[in-house]
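Summary of the model geometry
Each chain is listed here by its residues.
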Amino acid sequence: MPALVLLGAQWGDEGKGKATDLLGGSVDYVVRYQGGNNAGHTVVVGDQKYALHLLPSGILSPGCTPVIGNGVVVDPSVLFSELSGLNERGVDTSKLLISGNAHIITPYNVTVDKVTERFLGKRKIGTTGRGIGPTYADKINRMGIRVQDLYDESILTQKVEAALDVKNQMLTKFYNRRAIATDQVVGELLGYAEKLRPYVADTVLVLNQALEQDKVVLFEGGQGTLLDIDHGTYPFVTSSNPTAGGACTGAGVGPTKISRVIGILKAYTTRVGAGPFPTELFDEDGEALRRIGGERGVTTGRDRRCGWFDAVIARYATRVNGLTDFFLTKLDVLTGWEQIPVCVAYEIDGKRVEELPYSQTDFHHAKPVYEMLPGWSEDITGAKSFSDLPKNAQAYVKALEEMSGAPISAIGVGPGRDETIQINSFL
Ligand code: GDP
Ligand code: IMO
Ligand code: MG
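Residues numbered from 1 in each chain as written. Chains lettered and ligands numbered in written order. Predicted model: local features only at pLDDT ≥ 70, side-chain atom pairs only at ≥ 80, totals over all residues. Heavy atoms only, no water.

Under an unreviewed UniProt entry, the name given to the chain is Adenylosuccinate synthetase, and the source organism is Streptomyces prasinopilosus. UniProt lists a comment for the chain under the heading Subcellular location (unreviewed entry), and it reads "Cytoplasm". Taken verbatim from the UniProt record of the chain, the Sequence similarities (unreviewed entry) comment is "Belongs to the adenylosuccinate synthetase family." (UniProt positions renumbered as here; feature names shortened; annotations may be inferred.)

Pasting the structure below:
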């Protein structure tokens with residue numbers, strides 16, 4: 001059994017952490033391939049709750065090697081505080097591997113993220129303020145600092161100097177901020193070098209050798225399909241590729257190795273930050289989804305915007321990721337509604353549209369066309385098999401599956417590891 005990709009099918013926060021953790025016990029490696037500590041992945045094990053940002057959720061499974069791939073951006077201060085937080089709770093983190101080619105989120109990248117957002121005012125993206133966009137921009141501009149640069153002081157100094165030459169002009173002349181000193185940044189980064197060294201590895205080689213030995217590798221996406229820089233609701237996106245192809249570039253593994261692509265899909269929809277969201281609710285139903293679903297950001301603590309399930313988006317996620325399966329999460333949150341609206345198409349300028357429009361303008365004008373599905377009132381949190389679900393909950397799942405274009409192979413009925421109905425095995 002070779003490689004699996006597990007990714008968000010909507011705008012993030014679908015429950016990827018829980019799904020990854022669930023598989024963690026049966027896989028050998030869990031790999032983050034993009035994003036950074038903009039992610040917030042919640043894992044609930046018994047009465048313990050963990051919030052992971054940069055680390056792969058597999059870190060909580062003792063037999064599993066967690067890997068931070070070359071496509072990830074790493075803030076070393078966040079990395080060490082997350083590691084020590086887990087160590088204090090008795091989690092062994094010594095197996096972690098970090099690619100030497102991963103880019104570092106420097107303090108000036110965080111500053112640039114924050115000042116840019118402030119400057120944009122009402123036009124802001126609503127980023128997490130963690131320096132993600134500016135770090136990827138430096139990478140693409142060939143001005144980035146990589147993990148391996150921490151082991152050559154002369155190269156590191158030259159690179160930081162080059163990056164700051166440009167940024168200090170902008171910070172002082174345009175944003176009216178103080179300049180950032182090269183030696184201060186270099187000193188801080190060098191301070192991490194020896195602590196990082198035991199984790200740094202040629203992760204491309206490690207993962208490909210593992211696959212040759214028939215080990216199971218799981219790629220854990222951050223964010224979600226609609227936040228993808230290429231396939232999402234640009235410009236209201238993150239600056240990386242959470243979609244399935246990102247796993248290949250972000251970890252150095254060929255597409256022929258990937259056998260399964262699992263889309264994590266919430267039974268309704270949420271979004272954090274700015275940007276279009278056709279099924280967003282501004283009424284008491286939206287409030288109720290937020291309250292019952294506990295829809296508050298794990299990273300920034302912002303309330304998540306909430307809305308009904310959008311099948312147009314789910315179909316799109318199936319297509320751009322080549323999904324083989326869905327893991328439908330948070331079905332339990334929908335208990336208690338007499339009828340549940342599901343968006344089956346959009347109306348754009350008076351016309352019915354079945355697929356996600358490629359034009360940003362059209363998507364901004366998209367109005368949801370709803371079909372009403374009958375709800376259920378029975379508590380489903382204890383359900384262990386599909387047949388334990390009330391008939392209407394079964395019909396809701398089947399309808400979503402039909403509309404979304406890939407089989408629903410697992411259903412989440414609560415945040416805990418065991419609050420899952422497994423229909424088809426992922427392995
Ligand atoms: P991620 O970013 O995709 O890992 O998702 P988050 O952790 O940001 O948000 C998902 C939230 O839903 C977390 O609080 C999870 O504990 C919770 N969760 C996951 N699956 C389920 C489920 O099936 N039912 C309920 N009620 N909560 C769930
Ligand atoms: P997980 O992995 C939800 C959103 C931000 C903002 C946009 C760009 O927990 O699903 P960035 O800081 O990445 O430049 O912000 O992307 N965003 C997320 N929304 N879940 C996430 O991660 C997110 N990571 C970034 O809110 O709209
Ligand atoms: Mg999250």
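From this point on, the discussion continues.
Take the pattern of salt bridges next. Scanning the entire structure with this criterion turns up 17 salt bridges. Asp 325 is the salt-bridge partner of Arg 260, the closest N and O atoms lying 2.8 Å from each other. Remark: Asp 325 occurs in strand β15 (residues 325-329) and Arg 260 occurs in strand β11 (residues 258-266); sequence separation between them is 65 residues. For the pair Arg 260 and Asp 325, a shared accessibility class is recorded, and that class is buried. Between Asp 303 and Arg 296 there is a salt bridge whose closest N-O contact spans 3.2 Å. Several salt bridges share partner residues, and in doing so they unite Asp 13, Lys 266, Glu 295, Arg 304 and Lys 330 into one network. (Salt bridge = Lys/Arg side-chain N within 4 Å of Asp/Glu carboxyl O. Helix = DSSP H or I, 4+ residues; strand = E, 2+ residues; numbered from the N terminus. Buried < 20%, exposed > 50% of the residue type's maximum accessible area, 1.4 Å probe, protein only.)

Moving on, we get to the domain arrangement of the chain. Examined at the domain level, the chain breaks down into domain 1 (3-91 + 202-422) and domain 2 (103-198). Spacing between the C-alpha centres of domain 1 and domain 2 amounts to 29 Å. Of the roughly 1800 Å² buried where domain 1 meets domain 2, counting both sides, 63% is carbon and sulfur surface. Of all residues in domain 1, Val 73, Pro 76 and Phe 80 give up the largest surface area on contact with domain 2, accounting jointly for 31% of the area buried on that side. The tally of links between domain 1 and domain 2 comes to zero salt bridges. On inspection of domain 1 and its partner domain 2, the count reaches eight residue pairs in polar contact (both at pLDDT 80 or more). Within the residue set of the side of domain 1 that touches domain 2, elements represented by two or more residues are β6 (73-74) and α2 (76-88). For the side of domain 1 that touches domain 2, the leading source of residues is α2, giving four residues. (Domains from an automatic or database assignment. Buried area = accessible area lost by both parts, 1.4 Å probe. Polar contact = N/O pair within 3.5 Å; in protein donor to acceptor, adjacent residues only side chain to side chain.)

The strand order β9-β7-β5-β2-β10-β1-β11-β15-β19-β20 describes an open sheet built from 10 strands, whose pairing is mixed. Strand pairing shows two members of the sheet lacking a second neighbour, β9 (200-201) and β20 (420-422), which therefore form its edges. Note: strand β19 (residues 408-412) against β20, three bridges, orientation antiparallel. From the neighbouring strand, Gly 412 faces β20, where its bridge partner is Thr 420. (Pairing = 2+ DSSP bridges.)

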